[in-house]
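Residues per chain are reported as follows:
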Amino acid sequence: MLRIALNRAMSALVLVVIASVFSFILVAAFPGNVAALIAELRGGFVSQAVVDKVAEEYRLHDPLLYRYGYWVADVMHGDLGKSLRTGEEVSKAIEKRLEPTLVMIAGGGIVMLVVGLVLSFCGAMWPGGVIDRFIRMLAVVNISIPKFFLAAMLIYAFGVMMNLLPTFGFRGPSSWILPSIAIGLVPGALLSRVARVSLEETMSRPFVITAMSKGFGRRRILFRDALPNIVPVVLTAFGMNLAFMIQSAIVIEPIFAWQGIGAYFVDAARFRDLPVLQSCLLLFSVLFIIVNLVVDLLVMVVDPLQRRAMRG
Amino acid sequence: MKAIKDLYKAVGLPICLLIGFFIFIAVFGKYLSPYDPNAQNLLKASQTFGAEHWFGTDNLGRDTLSRLIAGARTTLFGVTLVLLMAGTVGMLIGTISGYFGGWIDEILMRIIDFGLSVPSLVVALAIVGVFGPDFWNMIIALAIAWVPIYARLTRGVVAAAVNQPYIESLRVLGASRTRIIVKHLTPAALGSVLIYASADAGVLALNIANLSFLGLGVQPPQAEWGQMLVAALPYLEEAPRLVILPGLSLTVMVIGFNLLGEAIALAKNPRPMSKRRLFQRRREFLKEIAA
């Protein structure tokens, strides 16, 4: 068990190393003279001497391998460089912007879990009924709807038409509601489908028929007998979708004018802010790898079948 | 030919019509659109639905219907380009990896693993960020982000085929390495790649729209649905139709692609029969016997 967990962690570590190489190479592959670009962004008169000075400062004359080594050492010390545009330290900026993103992902996770479980259990209570068919339809429509369109429609419905909720900025719990729904609704529909299929599969197992023949009601069987069986599947799907929410945050944050790391990433891409871009790519990759690792380990702990298979 | 017929049978007419509609609009859009999609006419700005401009005009007086049609063209053109590029490069890498095996396979697959473990939009965003926002940079960025999937897919097929007796006998017969790869292994993988690509088109269309929405893909004034939507967002209160129409177009198109992918996946590997279906099948069978 421990060995397999360690193995899994090792391969995650390899992925993190590749992520760092990729983040580094991408910026090293920048077309044109980086030093000239930086000098230009700093403003003032750009002469060859200034460009050389910048190149010296960023160690641009050193061999690539050395530069990678310096960069990794800096990152390990928590130094991600300075933004080219604002001169702010990237690590401080990320720290400041982490809160909105985490709130959004947490809210989205709750929305996803509620939507997913409620829909799937309603579907399983009355199989083939209206709700069941509705879920199937909803899932197809939901994975097809662009997130920014969904967010815009939510803003229109709750902000403009009903004037119920704030649609702009990160200002207290009432402003958290719409972004959470916007980010959590689609994964919720996906989760409901996964849960529904595995519930259906569980409900056709012999022990359910035994329970039925004992005279237990459908609701009791669903909650007491079937629910524990689908936990590993739901947990895996939940974790995967949670990881993908990090990606969705990139699109959703700018719509609601939240200053999270997703919006930071987009701004960096818009203004070719190389250190920020590099750090954000690394951060997102590592976050994604870690979430997936944690989910895998959690499922290992939760699922007795997997535990037994590993021991044997 | 038979494969296409089978595919059509599995997918069904409505989905084919839906996707055919968008392809038709994309190809013949130039002749269909009533106005030039980029022609501004400030005298007729911000009109709603009407006889002259069916879907109205935007804040610059551009005909919304014409821009929607042009948007279909942009999106489908982009999706096709990305799929072609990512498919070709992915198949190349996958074939090399699957055919040679050993350390080449090990290294390539580690890199592919990374590509698969990080969401594609993040990779594409970073690449566009470095090379600058532009239509072609977006296409290349998405293609790079999409290569790993196709490489992995191809590698699976090729690695399974390489040890099959028929490849072995080809080698014995003296077929060259190139001949085996080009004439026997690549076609084996092409089927899976094409099927996956048809299901993948919807996700790609969404990502093109995502990047354009963020201002990092298709640049104005070229019409694209995501970009139209973001341009109309400030006028959400006065003219919601300018937001709804492009969003709806994109949603319907992606629904079409997703239904296509689902139908193909179902035909390729049907779901285990549930009890309900079993009863249904039994009833049909009884009816057949009775008739």
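About the criteria used
Counting restarts for each chain: residues are numbered from 1 in the order of the written sequence. Note on labels: chains are lettered from A, ligands numbered from 1, in written order. A pLDDT threshold of at least 70 governs which residues receive local features in this predicted model, and a stricter bar of 80 or more applies before side-chain atom pairs are shown or counted, although totals over entire chains, interfaces and linings include all residues. Each helix is a run of H or I in the DSSP string that is no shorter than four residues. Each strand is a run of E no shorter than two, and both are numbered from the N terminus. Put plainly, a residue is buried at 20 or more neighbouring C-beta atoms within 10 Å of its own, exposed at 12 or fewer, and partly exposed in between, counting only other residues' C-beta atoms, which are placed from the backbone. Whether two residues are in contact depends on their C-beta atoms, placed from the backbone: they are in contact if these lie within 7 Å. Just so you know the grouping, Ala, Val, Leu, Ile, Met, Phe, Trp, Tyr, Cys and Pro go in nonpolar, Asp, Glu, Lys and Arg go in charged, and all remaining residues, Gly too, go in polar. Orientation is described by axes fitted as lines to C-alpha atoms, over the contacting stretch for helices, and by angles from 0 to 180 degrees between their N-to-C directions. Here the word oblique covers every angle except those under 35 degrees (roughly parallel), over 145 (roughly antiparallel) and from 65 to 115 (roughly perpendicular). By convention, the crossing between two helices is left-handed when the near helix turns anticlockwise from the far helix through less than a right angle, and right-handed when the turn is clockwise. What a helix should span is 1.5 Å times the count of its residues minus one. The term bend refers to the angle at a residue between two fitted axes, each drawn through seven residues, those ending there and those starting there. Nonpolar cores are identified as sets of buried Ala, Val, Leu, Ile, Met, Phe, Trp, Tyr and Cys residues joined via C-beta atoms within 7 Å. Every residue gets a pLDDT, meaning the predictor's confidence in that residue, from 0 to 100.

S.K.: I'd love a proper account of the overall build of chain B, names of residues and values included.
M.R.: When helices and strands are counted, chain B shows eleven helices and zero strands. Shown N-terminal to C-terminal, the secondary structure of chain B runs as helices and strands in the order α-α-α-α-α-α-α-α-α-α-α. Its C-alpha atoms put chain B at 75 × 65 × 35 Å along the principal axes. By residue count, 42% of the 291 residues in chain B fall in the buried class.

S.K.: Residues and numbers for the overall build of chain A, please.
M.R.: Each helix and strand in chain A was counted, giving 13 helices and zero strands. Its helices and strands taken in sequence order, chain A reads α-α-α-α-α-α-α-α-α-α-α-α-α from the N to the C terminus. Judged by the C-alpha coordinates and their principal axes, chain A covers about 85 × 60 × 30 Å. Counting the 312 residues in chain A, one finds 38% classified as buried. Put simply, 74% of the contacts in chain A that link residues at least 6 apart link residues at least 24 apart.

S.K.: Let's hear about the interface of chain A and chain B: which residues, and what values?
M.R.: Contact residues are listed per partner, giving 44 residues for chain A and 42 residues for chain B. Those elements giving two or more residues to the side of chain A that touches chain B turn out to be helix H1 (2–28), helix H6 (130–144), helix H7 (147–161), helix H10 (218–255), helix H11 (261–271) and helix H12 (274–302) of chain A. The residue makeup of the side of chain A that touches chain B, split by class, is 35 nonpolar, six polar and three charged.

S.K.: Just give me the short version of the packing of helix H3 (residues 64–100) of chain B against helix H6 (residues 135–162) of chain B, but keep the residues and values in it.
M.R.: Residues and elements named next belong to chain B. Across the interface, H3 lies against H6 with an axial gap of 5 Å and an inter-helix angle of 40 degrees. Here H6 runs oblique to H3, going by the angle between their axes. The way H3 lies across H6 gives a crossing that is right-handed.

S.K.: Got a sec to walk through the packing of H7 of chain A against helix H8 (residues 177–203) of chain A? Specific residues and values, please.
M.R.: Residues and elements named next belong to chain A. Where H7 meets H8, the closest approach of the two axes is 9 Å, and the angle between their N-to-C directions is 140 degrees. For the element pair H7 / H8, the angle class is oblique. Where H7 crosses over H8, the two elements pack in a sense that is right-handed. Along its contact with H7, which presents Lys 147, Leu 150, Ala 151, Leu 154, Ile 155 and Phe 158, the element H8 presents Leu 178, Ile 181, Ala 182, Leu 185 and Val 186. Looking at the contact of H7 with H8 residue by residue, the classes come out as ten nonpolar, no polar and one charged.

S.K.: Summarise the environment of Leu 242 of chain B; cite the residues concerned and give the values.
M.R.: Residues and elements named next belong to chain B. Structurally, Leu 242 can be placed in helix H10 (residues 241–268). With twelve residues separating them in the primary sequence, Leu 242 and Val 230 have C-alpha atoms 9.6 Å apart. Discounting residues that sit within four places of it in the chain, Leu 242 has contacts with Asp 58, Thr 64, Ala 232 and Tyr 235.

S.K.: Quick rundown of helix H2 (residues 13–32) of chain B? Include the residues and the values.
M.R.: Residues and elements named next belong to chain B. Taking 1.5 Å as the rise per residue, H2 with 20 residues should run 28 Å; its terminal C-alpha atoms sit only 24 Å apart, a clear shortfall. Ala 26 marks the point of greatest bend in H2, at about 50 degrees. Among all positions in H2, only Ile 15, Ile 25, Ala 26 and Gly 29 are buried.

S.K.: Any chance you could break down the nonpolar core for me, citing the residues and the numbers?
M.R.: Cys 280 of chain A together with Ala 124, Leu 125, Leu 142, Ala 205 and Leu 229 of chain B are the most contacted members of the largest nonpolar core, which totals 152 residues. Contacts of Ala 124 of chain B, omitting those with residues within four sequence positions, involve Ala 141, Leu 142, Ala 145, Asn 207 and Leu 211 of chain B.

S.K.: Give a detailed account of the confidence of the model for chain A, specifying residues and quantitative values.
M.R.: Scored by pLDDT, chain A has a mean of 84; 98% of the residues are at 70 or more. Of all the helices and strands in chain A, helix H13 (residues 304–311) of chain A carries the lowest mean pLDDT, 68, while H11 of chain A carries the highest, 90.

S.K.: Tell me what's going on with the confidence of the model for chain B, and back it up with residues and numbers.
M.R.: Scored by pLDDT, chain B comes out at a mean of 82, with 90% of its residues at no less than 70. Here the predicted complex scores 0.85 on pTM and 0.85 on ipTM.

S.K.: For H11 of chain A, give the residues involved together with the corresponding values.
M.R.: Taken across its eleven residues, H11 of chain A has nine buried, putting it largely inside the fold. Regarding H11 of chain A, the residues found buried are Ile 261, Gly 262, Ala 263, Tyr 264, Phe 265, Val 266, Asp 267, Ala 268 and Ala 269 of chain A. If you follow the buried residues of H11 of chain A, they end up packed against helix H5 (90–125), H10 and H12 of chain A together with helix H5 (120–131) of chain B. Following H11 of chain A by one or two positions, Arg 272 of chain A has its phi on the positive side, about 50 degrees.

S.K.: An account of the environment of Gly 191 of chain B is needed here, citing residue identities and associated values.
M.R.: Mapped onto the secondary structure, Gly 191 of chain B falls in helix H8 (residues 177–213). With 98 residues separating them along the chain, Gly 191 of chain B and Ile 93 of chain B place their C-alpha atoms 16 Å apart.

S.K.: Quick one: what's the story with unusual backbone geometry, residue by residue and with numbers?
M.R.: Keep in mind that most residues, glycine aside, have a negative phi and that most peptide bonds are trans. In this structure, the amide linkage connecting Pro 220 of chain B to the following residue, Pro 221 of chain B, adopts the cis form with an omega of 10 degrees. In this structure, Pro 221 of chain B sits in the loop between H8 and helix H9 (225–232). Positive phi outside glycine occurs at Ala 257 of chain A, with the angle close to 55 degrees. Following the sequence through the fold, Ala 257 of chain A ends up in the loop between H10 and H11. Positive phi, close to 50 degrees, is recorded for Arg 272 of chain A, a residue that is not glycine. Within the secondary structure layout, Arg 272 of chain A lies in the loop between H11 and H12.

S.K.: I'd love a proper account of the environment of Gly 256 of chain B, names of residues and values included.
M.R.: All names here are of chain B. Structurally, the position occupied by Gly 256 is in helix H10. Residue classification places Gly 256 among the buried residues on the basis of 24 C-beta atoms within 10 Å. In contact with Gly 256, not counting residues within four places along its chain, are Ile 15, Leu 18, Ile 19 and Phe 22.

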